[in-house]
Amino acid sequence: SVFKNPFFEVAHHKHEAGYKTPKHTHKIAQELTYIVKGKLFVNNQTLQAGDMFLYEPFEIADAEIIEDVDLIVVKWPSVPSDKFMINEEEGEKE
């Protein structure tokens, strides 16, 4: 994260084409992502620079990078322990 306090955190992420984010969810936090550069597939749609998308609590975060991306991610509240990995075969894991 570039900035973090108990209320929110802001991060700058860079990913190369072909990268798939590890599937995970948050039980408390919401996560808003702004695409600065590039293109990705998320929530059954292709999004590109200038687009934003939101993960609500309990929604599964799952994105595939189509073109190299720069992302600004704002998560609120900032709860470091609120990330739960999803294993398709076994279900949710902490």
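This report concerns the structure included in the present document. Values in this document were obtained by computation on a predicted structure and should not be read as measured data. (Residues numbered from 1 in each chain as written. Predicted model: local features only at pLDDT ≥ 70, side-chain atom pairs only at ≥ 80, totals over all residues. Heavy atoms only, no water.)

**Some remarks on the pairing of strand β2 (residues 9–15)**
Two faces belong to every sheet, and in a regular strand the side chains alternate between them. In this structure, strand β1 (residues 3–4) lies alongside β2, joined through two bridges in antiparallel fashion. Within the sheet, the bridge partner assigned to Phe-3 lies in β2 and is Val-10. Linking β1 back to β2 in an antiparallel pair, the connection comprises four residues. Two elements, β2 and strand β7 (residues 63–76), share seven bridges in a ladder whose sense is antiparallel. If you follow Lys-14 over to β7, its bridge partner there is Asp-70. (Pairing = 2+ DSSP bridges. Helix = DSSP H or I, 4+ residues; strand = E, 2+ residues; numbered from the N terminus.)

**Overview of the pattern of salt bridges**
Within the structure shown, the criterion is met by three salt bridges. Of the charged contacts in the structure, one is a salt bridge between Lys-23 and Asp-62, with a shortest N-O distance of 3.7 Å. Here Lys-23, found in the loop between β2 and β3 (24–25), pairs with Asp-62, found in the loop between β6 (52–55) and β7; they are 39 residues apart in sequence, far enough to count as distant. Since its relative accessible area comes to 25%, Lys-23 is described here as partly exposed. A salt bridge links Glu-67 to Lys-39; its shortest N-O distance comes to 4.0 Å. With Glu-67 in strand β7 and Lys-39 in strand β4 (residues 30–42), this pair connects stretches of sequence that are 28 residues apart. Members of the salt-bridge network, linked through shared partners, are Lys-20, Lys-23 and Asp-62. (Salt bridge = Lys/Arg side-chain N within 4 Å of Asp/Glu carboxyl O. Buried < 20%, exposed > 50% of the residue type's maximum accessible area, 1.4 Å probe, protein only.)

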